[in-house]
Amino acid sequence: MQFRLTATAVLITAVVSASGVALSHSGATGLVKQRMDAMSDIAKGMKAIGAMLKGEAGFDAGAVKSAASSIAEHAGQIPELFPEGSNRKPSEALPAIWEDWARFTSIADDMGAKAMALETAADGAAQIDQIKAPFGALAKTCKACHSDFRLAK
């Protein structure tokens, strides 16, 4: 189980690092830029927590709680950030979002719930082990959405 959670943290970090977030925002305006910025904030939070899980950064329960709270807030905004027809370049959104809107919004809702569970787990956590399982569950929501609803890198 620990290997799987560590592997998930490494995967999230690799995806975030390789994504070229700053470059992908080049030319983005309006709502597309707003959602790219929100996704960048989510990625930064995931990367920071992943670094703690990999031992690259010291465990800071307060930082985990803050990142999880931010992720939960962004997750709640996802449906309004993806109105139909907003997948013009440089957006990485696939038409599948609007073709399977129910699943897309369900994943966003699940992300919010998993982020809140991570926030709760981090509240008063004394050891990194206390956040591994909720972080892994949250990371799965990111992977689910990116697998089906985002252009491959």
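What you see is a predicted model, and the numbers here were worked out from it, not measured in a lab. (Residues numbered from 1 in each chain as written. Predicted model: local features only at pLDDT ≥ 70, side-chain atom pairs only at ≥ 80, totals over all residues. Heavy atoms only, no water.)

> Honestly, the overall build of the chain in this entry has me stumped. Any pointers?
Within the chain, the secondary structure is distributed over 7 helices and 0 strands. For the chain, the succession of helices and strands along the chain, N to C, is α-α-α-α-α-α-α. Split into buried and exposed, the 153 residues of the chain put 42% on the buried side. Within the chain, residue pairs in contact and separated by at least 24 positions form 76% of the contacts whose partners lie at least 6 positions apart. A total accessible area of about 7900 Å² is found for the chain, and carbon and sulfur atoms account for 56% of it. (Helix = DSSP H or I, 4+ residues; strand = E, 2+ residues; numbered from the N terminus. Buried < 20%, exposed > 50% of the residue type's maximum accessible area, 1.4 Å probe, protein only. Contact = heavy atoms within 4.5 Å. Areas by Shrake-Rupley, 256 points an atom, 1.4 Å probe, with all protein chains shown as cover.)

> What's the story with the environment of Ala 38 in this structure? I'm lost.
Among the secondary structure elements, Ala 38 is positioned in helix H3 (residues 30–53). Judged by relative accessible area, which is 6%, Ala 38 ranks as buried. Sequence-distant contacts of Ala 38, that is, excluding residues within four places in its chain, are made with His 74 and Leu 81.

> What is the right way to read the packing of H3 against helix H4 (residues 61–81) from this model?
For any two helices packed against each other, the geometry comes down to the angle between their axes and how far apart the axes lie. It is the contact of H3 with H4, at a shortest axis distance of 9 Å, that shows an interaxial angle of 150°. By the criterion of interaxial angle, the relationship of H3 to H4 is roughly antiparallel. Note on packing geometry: the crossing formed by H3 with H4 is left-handed. Residues Leu 31, Gln 34, Arg 35, Ala 38, Met 39, Asp 41, Ile 42, Gly 45, Met 46, Ile 49 and Met 52 of H3 pack against Ala 63, Val 64, Ala 67, Ile 71, His 74, Ile 78, Glu 80 and Leu 81 of H4. When grouped by side-chain class, the residues that make up the contact of H3 with H4 number 13 nonpolar, 3 polar and 3 charged. (Axes fitted to C-alpha atoms, helices over the stretch in contact; angles between N-to-C directions. Parallel < 35°, antiparallel > 145°, perpendicular 65-115°, else oblique. Left-handed = near helix turned anticlockwise from the far one by under 90°. Nonpolar A, V, L, I, M, F, W, Y, C, P; charged D, E, K, R; others polar.)

> Can you walk me through unusual backbone geometry in this structure?
In this model, Lys 89 is joined to Pro 90 through a cis peptide bond whose omega is 10°. Inspection of the secondary structure assignment puts Pro 90 in the loop between H4 and helix H5 (96–99).

> How do you make sense of the confidence of the model for the chain when you look at a structure like this?
Low-confidence regions, as indicated by low pLDDT, have predicted coordinates that should not be scrutinised in detail. Put simply, the chain has an average pLDDT of 87, and 82% of its residues get 70 or more. Per-residue pLDDT, averaged within each element of the chain, yields its smallest value for helix H2 (residues 21–24) (44) and its largest for helix H6 (residues 101–122) (98). Segment residues 13–24: pLDDT under 50, and 16 contacts once partners within four positions in sequence are set aside and those in other chains are kept. (pLDDT = per-residue confidence, 0-100.)

> Any chance you could explain the nonpolar core here in plain terms?
One broad trend across soluble globular proteins is that nonpolar side chains are buried collectively. Core analysis: the largest hydrophobic core is formed by 34 residues, its most contacted members being Met 46, Ile 49, Phe 82, Met 111, Leu 118 and Ile 131. Counting residues per element, the ones that place at least two in this core are H3, H4, H5, H6 and helix H7 (129–149). With 9 residues, H4 is the single largest residue contributor to this core. Sequence-distant contacts of Leu 118, that is, excluding residues within four places in its chain, are made with Ile 49, Val 64, Ala 68, Ile 131, Pro 134, Phe 135 and Leu 138. (Core = buried A, V, L, I, M, F, W, Y, C linked by side-chain atoms within 4.5 Å.)

> Help me understand the packing of aromatic side chains, please; the structure alone is not making it clear to me.
What characterises a pair of aromatic rings is the spacing of the ring centres plus the angle enclosed by the ring planes. A complete count under the given rule lists 3 aromatic pairs for this structure. Ring centres of Trp 101 and Phe 104 lie 5.5 Å apart, and the angle between their planes is 35°; on these two criteria the pair is classed as tilted. Taken as a pair, Trp 101 and Phe 104 lie in helix H6 at a separation of 3 residues, close to a single helical turn. We classify Trp 101 as partly exposed; its relative accessible area is 31%. Assessed through its relative accessible area of 2%, Phe 104 is described here as buried. Centroid distance Phe 104 to Phe 149: 5.4 Å. Interplanar angle 75°. Geometry classified as edge-to-face. (Phe/Tyr/Trp six-rings, centres within 6.5 Å; stacked < 30°, edge-to-face > 60°.)

> I would appreciate a short explanation of the pattern of salt bridges in the present structure.
A side chain of one charge can pair with a side chain of the opposite charge if their charged atoms are brought near each other. Inspection of the entire model under this criterion finds 7 salt bridges. A salt bridge links Lys 54 to Glu 56, with the nearest nitrogen and oxygen atoms 3.4 Å apart. A relative accessible area of 26% means that Lys 54 is categorised as partly exposed. Its relative accessible area of 57% is what places Glu 56 among the exposed residues. The salt bridge partner of Arg 150 is Glu 92, with a shortest N-O separation of 3.1 Å. Pair noted here: Arg 150 is in the segment after H7 and Glu 92 is in the loop between H4 and H5, with a separation of 58 residues, a long-range link. Its relative accessible area of 19% is what places Arg 150 among the buried residues. In this structure Glu 92 comes out as buried when scored by relative accessible area, which is 17%. (Salt bridge = Lys/Arg side-chain N within 4 Å of Asp/Glu carboxyl O.)

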